[in-house]
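Notes for the structure review
Here are the chains, one letter per residue:
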Amino acid sequence: MSDALDGVELDLAGPPGPSIDLEIPDGADMDPLYLAFLGLWSLVLGASELSDDERERRLGELVVRLQGREGPLRFELFEISRRHEVLERAGRIVAGESRLKRGWLVPKLEAEIEAYRARIEALRAALEVA
Amino acid sequence: MTRVGLLARDVDRLVAVRPDLAPSLGEAMFDAGLAHRRCEPELDDLPESFVHLAAACSSYRARIGPLTASLAHVEDRERASYEEQLVLDRDLLPPLREEAKRLRAEIATLEGALRAKGVDPSPIGPRIENATVVDDAGPPRLVDPRERRAEVSMFFRRIREDG
């Protein structure tokens, strides 16, 4: 007979998969995502129909597995967030520099080159007269 | 109301065992979460530990998914920015700088020729105010520390000899 807790460890082992957006009420003074999952797993556990002994055994196994997964997942999240932030900042800086070069430096150099050519023309003409 | 992105697999699990909650899942999870949080957690309480650990793992996984997808876009954008920068620095700017440098040298030669004939070149033709600094000294050179040390020792040897 299947139970609400069946396959929890399998779910944790694979990739996160797609997500669903849900609306939850405001007003809790804690992370709403964590609160929603706290409620979700509390309801799932409440729906388990295992006998007391069997439930304790299953929960014991699951807690050990979850304890082993929690740290690496927290580190993975930290690493991805950090990389995301660093790359976003680096990309913004480089894009800003490129915008500055393309929008200011290149037109300025082109205009100066035009002015230099005009000055060369004038200097050559003056040299011929002199 | 606050919108949260939950793992579809976890939501499906809840709906499978509690289909009665499907019409108001968000409220049901919120209420159950608050009720659970009010319980005093005990370290050796297996159900309590399970719920907290499962919620922590699920919330990390729920954040990792979208962040990983977003990271791929950020990496692409960052790469595109660098490539654009590279095109500018390698293909677009150096020829312009070189041309400006060449023209400035030509102007200097012509001005010198005019001065040699006794003509002041400064009022002739358009003047270039606040010209962009064009590196006339060539590309930057990596200075070997040994070379610098040799220069310093030469300097001290010279002032000792002068003294």
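Residues numbered from 1 in each chain as written. Chains lettered and ligands numbered in written order. Predicted model: local features only at pLDDT ≥ 70, side-chain atom pairs only at ≥ 80, totals over all residues.

A word on the overall build of chain A
From N to C terminus, chain A includes three helices and one strand. From first element to last, N terminus to C terminus, chain A shows the α and β order α-β-α-α. (Helix = DSSP H or I, 4+ residues; strand = E, 2+ residues; numbered from the N terminus.)

Points about the overall build of chain B
Scanning chain B from N- to C-terminus turns up four helices and one strand. Beginning at the N terminus, the succession of helices and strands in chain B can be written as β-α-α-α-α. Within chain B, the proportion of its 163 residues that are buried is 21%. (Buried ≥ 20, exposed ≤ 12 C-beta atoms within 10 Å, placed from the backbone.)

Quick notes on the confidence of the model for chain A
Scored by pLDDT, chain A comes out at a mean of 89, with 99% of its residues at no less than 70. Model confidence for chain A, summarised as mean pLDDT per element, is weakest for helix α1 (residues 8-13) of chain A at 78 and strongest for helix α2 (residues 32-46) of chain A at 93. (pLDDT = per-residue confidence, 0-100.)

Comments concerning the interface of chain B and chain A
At the junction of the two partners, chain B supplies 83 residues and chain A supplies 75 residues. Mapped onto the side of chain B that touches chain A, the elements with two or more residues apiece are β1 (2-7), α1 (8-17), α2 (25-38) and α3 (46-116) of chain B. Sort the elements by how many residues they give to the side of chain B that touches chain A and α3 of chain B lands first, with 46 residues. The residue inventory of the side of chain B that touches chain A, partitioned by class, reads 48 nonpolar, 15 polar and 20 charged. With six bridges joining them, strand β1 (residues 19-24) of chain A and β1 of chain B adopt antiparallel strand pairing. (Contact = placed C-beta atoms within 7 Å. Nonpolar A, V, L, I, M, F, W, Y, C, P; charged D, E, K, R; others polar. Pairing = 2+ DSSP bridges.)

Side note on the packing of α2 of chain A against α2 of chain B
One way to put it is that α2 of chain A packs onto α2 of chain B with a least axis distance of 7 Å and a crossing angle of 90 degrees. As judged from the angle between their axes, α2 of chain A and α2 of chain B are roughly perpendicular. Mapping the contact onto sequence places Leu35, Ala36, Leu38, Gly39, Leu40, Ser42 and Leu43 of chain A in α2 of chain A and Ala28, Met29, Phe30, Asp31, Ala32, Gly33, His36 and Arg37 of chain B in α2 of chain B. Per-class residue counts for the contact of α2 of chain A with α2 of chain B are nine nonpolar, four polar and two charged. (Axes fitted to C-alpha atoms, helices over the stretch in contact; angles between N-to-C directions. Parallel < 35°, antiparallel > 145°, perpendicular 65-115°, else oblique.)

Brief notes about the confidence of the model for chain B
As a note on interpretation, predicted positions should not be read in detail where pLDDT is low. Considering every residue of chain B, the mean pLDDT works out to 84; 87% of them sit at 70 or more. Within chain B, α3 of chain B carries the highest mean pLDDT (91), whereas helix α4 (residues 145-162) of chain B carries the lowest (78).

Some words on the nonpolar core
Core analysis: the biggest nonpolar cluster contains 38 residues, and Ala36 and Trp41 of chain A together with Met29 of chain B have the highest contact counts within it. Elements supplying a minimum of two residues to this core: α1, α2 and α3 (52-129) of chain A together with β1, α1, α2 and α3 of chain B. The dominant element in this core, judged by the number of residues it contributes, is α2 of chain A, at 10 residues. Excluding residues within four positions of it along the chain, Trp41 of chain A makes contact with Val51, Ala54 and Ala55 of chain B. (Core = buried A, V, L, I, M, F, W, Y, C linked by C-beta atoms within 7 Å.)

Here we look at the packing of α3 of chain A against α3 of chain B
Relative to each other, α3 of chain A and α3 of chain B sit at 15 degrees, their axes nearing to 3 Å. In terms of orientation, α3 of chain A lies roughly parallel with respect to α3 of chain B. The chirality of how α3 of chain A crosses α3 of chain B is left-handed. Partitioning the contact of α3 of chain A with α3 of chain B into residue classes produces 42 nonpolar, 11 polar and 26 charged. (Left-handed = near helix turned anticlockwise from the far one by under 90°.)

Quick word on α2 of chain B
With 14 residues, α2 of chain B should reach 20 Å at 1.5 Å per residue; the first-to-last C-alpha distance of 20 Å fits that figure. Those residues of α2 of chain B that sit buried are Leu25, Gly26, Ala28, Met29, Phe30, Ala32, Gly33 and His36 of chain B. Elements that come into contact with the buried residues of α2 of chain B comprise β1 and α2 of chain A together with α1 and α3 of chain B. (Expected span 1.5 Å × (residues − 1).)

Considering α3 of chain A
Between its first and last C-alpha, α3 of chain A extends 111 Å over 78 residues, near the 116 Å set by a 1.5 Å rise per residue. Most pronounced at Lys101 of chain A, the bend in α3 of chain A amounts to some 35 degrees. Along α3 of chain A, the residues that are buried comprise Leu59, Leu62, Leu66, Leu73, Val94, Ser98, Leu109, Glu112, Tyr116, Arg119 and Leu123 of chain A. On its buried face, α3 of chain A sits against α1 of chain A together with α3 of chain B. (Bend = angle between axes of the 7 residues up to and from the residue.)

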